[in-house]
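Chain and residue survey
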Amino acid sequence: MNRREILKGSTALAAAAAAGIRPASAQAPIVIKFSHVVATDAPKGKACEKFKELAEKYTGGKVKVEVYANSSLYKDKEELEALQLGAVQLLAPSTAKFGPLGFTEFEALDLPFIFHDEANFKKFSSSDLAKRMFAKLETKSVKGLAYWDNGFHVMGCNRQIRNVKDFQGLKLRIQGSKVLDATTRAWGAIPQVMAFSEVYHALQTGVVDGLENVPSNFWTQKFFEVIKYIAVSYHGHLSYAVVANKKFWEDLPADVRPNLEKAMTESTDYFNSIAKKENDEALEDIKKTGKTQVYFLTPEERKSWVQAVLPVHKEMEKRVGKETIDALYKVVDFKPDA
Ligand code: LMR
């Protein structure tokens, strides 16, 4: 390109700018890759699609969101590393996956029996503690945008677990959190850290005997095909943190970011409005298949689970931080015998 052409081009650009027309290169949409590990029809899958719809609408096409479901882009551990490197822009991992990256305070959310119900989790997600935890992420290129409440864990297995003694020797898949590791051991089972995408096959081939998860994941991943029993224990909570690559998010143009924030707020409300309902429906649907027996623990049985794992709260103070655990107790008004 000679000087004349350059000048001609720049004159054209200047004229376009004056007319408020963005040059072709600036008109190319900003692409957001939004990766997750669950099925498209799980609550998280649906909320990611909702974000795509709203983000594209509110930005008038300036943003294009590509949603990658079912670990099609990255598996559990890789997801967060890819986000830190900027290879993917948005994720909604469970908070149990933050500990292995050094954000061990997030493992407080895995403490057994820490939350009682949705209102209780909301107290946490709207607390200063939740904000402080997000602020910590920023030291490692991660920007926290929202907490999503995916409900309570049940225990699925190829053997029936009612009383805590039934756990003895079972191999149970867990996420990477050390609190989940300690909890599983306290029950007498053997924890095995494994990516979510590998669980179905591991159950089918007997590599593990079972796992904890929420009913909507048992349903949409078809885990009910490869286990025989579900104990409805609601012993743990599945919290998600929607996170962005910090630099990407902060560098978004001023006419784009507020619209994405609006889309995120609405997608969060949407997620939180469907998750519990979908968990309840999933349990009913699983029962109807006749493939898996769904058993609700009696209060005495549940108590035996509680008593076996309460010492984990104290045991984990060193890893998670006593201040974080104390602050969480306060926020959710935790009572050990509740
Ligand atoms: C798991 O890995 O067990 C789940 O947290 C997957 C998910 O994101 O729901």
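Sequence order sets the numbering: in each chain, residues are counted from 1 along the sequence as written. Where totals are concerned, whole chains, interfaces and linings use all residues; where local detail is concerned, this predicted model gives features only for residues with pLDDT of at least 70, and gives and counts side-chain atom pairs only at 80 or more. Side-chain measures here rest on the full set of heavy atoms in the structure, leaving out hydrogens and waters.

Moving on to the overall build of the chain. Strands are runs of DSSP state E lasting at least two residues, helices are runs of H or I lasting at least four, and both sets are numbered from the N terminus onward. Along its length, the chain carries 14 helices and 11 strands. Overall size of the chain, expressed as C-alpha extent along the three principal axes, is 85 × 45 × 30 Å. We get accessible surface area from the Shrake-Rupley algorithm with a probe of 1.4 Å; when it comes to residues, only the shown protein chains can shield them. About 15,400 Å² of surface is accessible on the chain, with carbon and sulfur atoms providing 54% of the total. For the charge count, each Lys or Arg is scored as positive and each Asp or Glu as negative, with His and the chain ends excluded. Charge positions are represented by NZ for Lys, CZ for Arg, CG for Asp and CD for Glu. Computing the positive centroid from 48 side-chain charges and the negative centroid from 43, the chain places the two 3 Å apart.

Bringing the nonpolar core into the picture now. Most often, soluble globular proteins have nonpolar side chains that are buried together. Among buried residues, the Ala, Val, Leu, Ile, Met, Phe, Trp, Tyr and Cys ones that are joined through side-chain atoms within 4.5 Å form a nonpolar core. For each residue, the accessible area found with a 1.4 Å probe, counting protein chains only, is set against the maximum for its type, and the residue is called buried under 20%, exposed over 50%, and partly exposed in between. Ranked by size, the top nonpolar core spans 53 residues in total, and within it Phe-106, Phe-115, Phe-124, Phe-167, Val-243, Trp-305 and Leu-328 carry the most contacts. Among the elements that line this core, the one with the most residues is helix H6 (residues 128–137), at 5 residues. An automatic or database domain assignment supplies the start and end points of every domain. Both domain 1 (3–150 + 239–279) and domain 2 (154–236 + 281–332) contribute no fewer than three residues apiece to this core. If sequence neighbours within four positions are ignored, Trp-305 has contacts with Phe-113, Met-155, Ile-161, Arg-162, Asn-163, Val-164, Phe-167, Trp-187, Ala-231, Ser-233, His-235 and Leu-297. Contacts are residue-level and defined by heavy atoms, with any inter-residue pair within 4.5 Å sufficient.

Further remarks concern the site of the ligand. The cutoff for a nearby residue is simple: one of its non-hydrogen atoms must lie within 4 Å of the molecule or strand. In the region of the ligand, 13 residues are neighbours, and Lys-44, Lys-97, Arg-173, Asn-213 and Tyr-240 sit closest. Two N or O atoms count as a polar contact when they lie within 3.5 Å, although within protein this holds only if one can serve as hydrogen donor and the other as acceptor, and sequence-adjacent residues are included solely when both atoms are side-chain atoms. At 2.7 Å from an oxygen atom of the ligand is found a side-chain nitrogen or oxygen belonging to Lys-97. Asn-213 has a polar side-chain atom sitting 2.8 Å from an oxygen atom of the ligand. Relative to its unbound accessible area of 270 Å², the ligand is 99% covered by the protein chains. Here the nonpolar group is Ala, Val, Leu, Ile, Met, Phe, Trp, Tyr, Cys and Pro; Asp, Glu, Lys and Arg are the charged ones; every other residue, Gly included, is treated as polar. Taken together, the residues of the shell around the ligand sort by class into 5 nonpolar, 4 polar and 4 charged. Both of domain 1 (3–150 + 239–279) and domain 2 (154–236 + 281–332) provide at least three residues apiece to the shell around the ligand.

Once that is clear, we can look at the pairing of strand E6 (residues 171–174). Looking along a regular strand, one sees side chains alternate from face to face of the sheet. Criterion used throughout: strands pair if DSSP finds at least two bridges between them. Looking at chain direction, E6 and strand E7 (residues 190–193) are connected through 4 bridges and run parallel. Bridge pairing in E7 places Lys-171 opposite Ile-190.

The next point concerns the side chain of Thr-292. With respect to the element layout, Thr-292 can be found in the loop between helix H11 (257–289) and strand E11 (293–296). In terms of polar contacts, Thr-292 uses its side chain to reach the backbone carbonyl oxygen of Phe-224, at 2.8 Å. Here Ile-227 takes part through its backbone oxygen, which lies 3.3 Å from a polar atom of the side chain of Thr-292. The residues touching Thr-292, leaving out its near neighbours within four places in the chain, are Phe-224, Ile-227, Lys-228, Tyr-229, Ile-230, Ile-286 and Lys-287.

Quick look at the environment of Val-142 now. Tracing the sequence through the fold places Val-142 in strand E4 (residues 142–152). With relative accessibility at 0%, the residue Val-142 sits in the buried group. When the C-alpha positions of Val-142 and Ser-72 are compared, they lie 21 Å apart, and in sequence the two are 70 residues distant.

A side-chain nitrogen of Lys or Arg and a carboxyl oxygen of Asp or Glu constitute a salt bridge if their distance falls within 4 Å. Scanning the model with the defined rule gives 26 salt bridges in all. Residue Lys-246 is joined to Glu-250 by a salt bridge in which the shortest nitrogen-to-oxygen separation is 3.1 Å. Placement of both Lys-246 and Glu-250 in helix H10 (residues 246–250) is noted, with a separation of 4 residues, approximately one turn of the helix. Residue Lys-247 pairs with Asp-251 through a salt bridge whose shortest N-O separation is 2.4 Å. Classification of Lys-247 by relative accessible area gives exposed; the value is 57%. Salt bridges sharing partners connect three or more residues here, namely Glu-138, Lys-143, Lys-246 and Glu-250.

Before going further, it helps to examine the sheet that holds strand E8 (residues 210–213). In space, the 6 strands of this open sheet follow the order E7-E6-E8-E5-E9-E11, with mixed pairing throughout. The open sheet terminates on both sides in strands that have one partner only, identified here as E7 and E11. In this sheet, neighbouring strand axes are inclined to one another by 25 degrees on average, regardless of whether the strands run parallel or antiparallel. Of the strand pairs in this sheet, strand E9 (residues 229–232) and E11 are connected by 4 bridges, and their pairing is parallel. The residue bridging Ala-231 from the neighbouring strand is Tyr-295, located in E11. Axis angles are defined between N-to-C directions and span 0 to 180 degrees, where every axis is a line fitted to C-alpha atoms and, for a helix, only to the segment in contact.

Working definition: rings of Phe, Tyr and Trp (its six-membered ring) pair if their centres are within 6.5 Å, and the pair is stacked with planes under 30 degrees apart, edge-to-face with planes over 60 apart, and tilted otherwise. One pass over the full model with this rule turns up 18 aromatic pairs. For the ring pair Phe-218 and Phe-223, a centre distance of 5.8 Å and an interplane angle of 85 degrees mean the geometry is edge-to-face. Residue classification places Phe-223 among the buried positions, given a relative accessible area of 0%. Between Tyr-329 and Phe-334, the ring centres sit 4.6 Å apart and the planes meet at 25 degrees, which makes this aromatic pair stacked. Put simply, the rings of Phe-115, Phe-121, Phe-124, Phe-134 and Tyr-147 pair up and form one aromatic cluster. The cationic tip of Lys-140 hangs over the ring face of Phe-103; the distance from NZ or CZ to the ring centre is 5.3 Å. The positively charged end of Arg-162 is found above the aromatic ring belonging to Tyr-295, 3.7 Å away from the centroid. Here, over-ring charges are defined by two tests on the NZ atom of lysine or the CZ atom of arginine: distance to the ring centre within 6 Å, and angle to the ring normal within 35 degrees.

In terms of domain boundaries, the chain breaks down into domain 1 (3–150 + 239–279) and domain 2 (154–236 + 281–332). Each of domain 1 and domain 2 has a C-alpha centre, and the two are 28 Å apart. Counting residues at the interface gives 37 residues for domain 1 and 42 residues for domain 2. Both faces combined, the contact of domain 1 with domain 2 buries some 3,100 Å², and carbon together with sulfur accounts for 61% of it. As a working definition, buried area equals the accessible area (1.4 Å probe) given up by two parts on being put together, with both sides summed. When the buried surface of domain 1 facing domain 2 is broken down by residue, Pro-112, Phe-113 and Asn-279 rank first, second and third, together holding 23% of it. Taken together, domain 1 and domain 2 are joined by 4 salt bridges.

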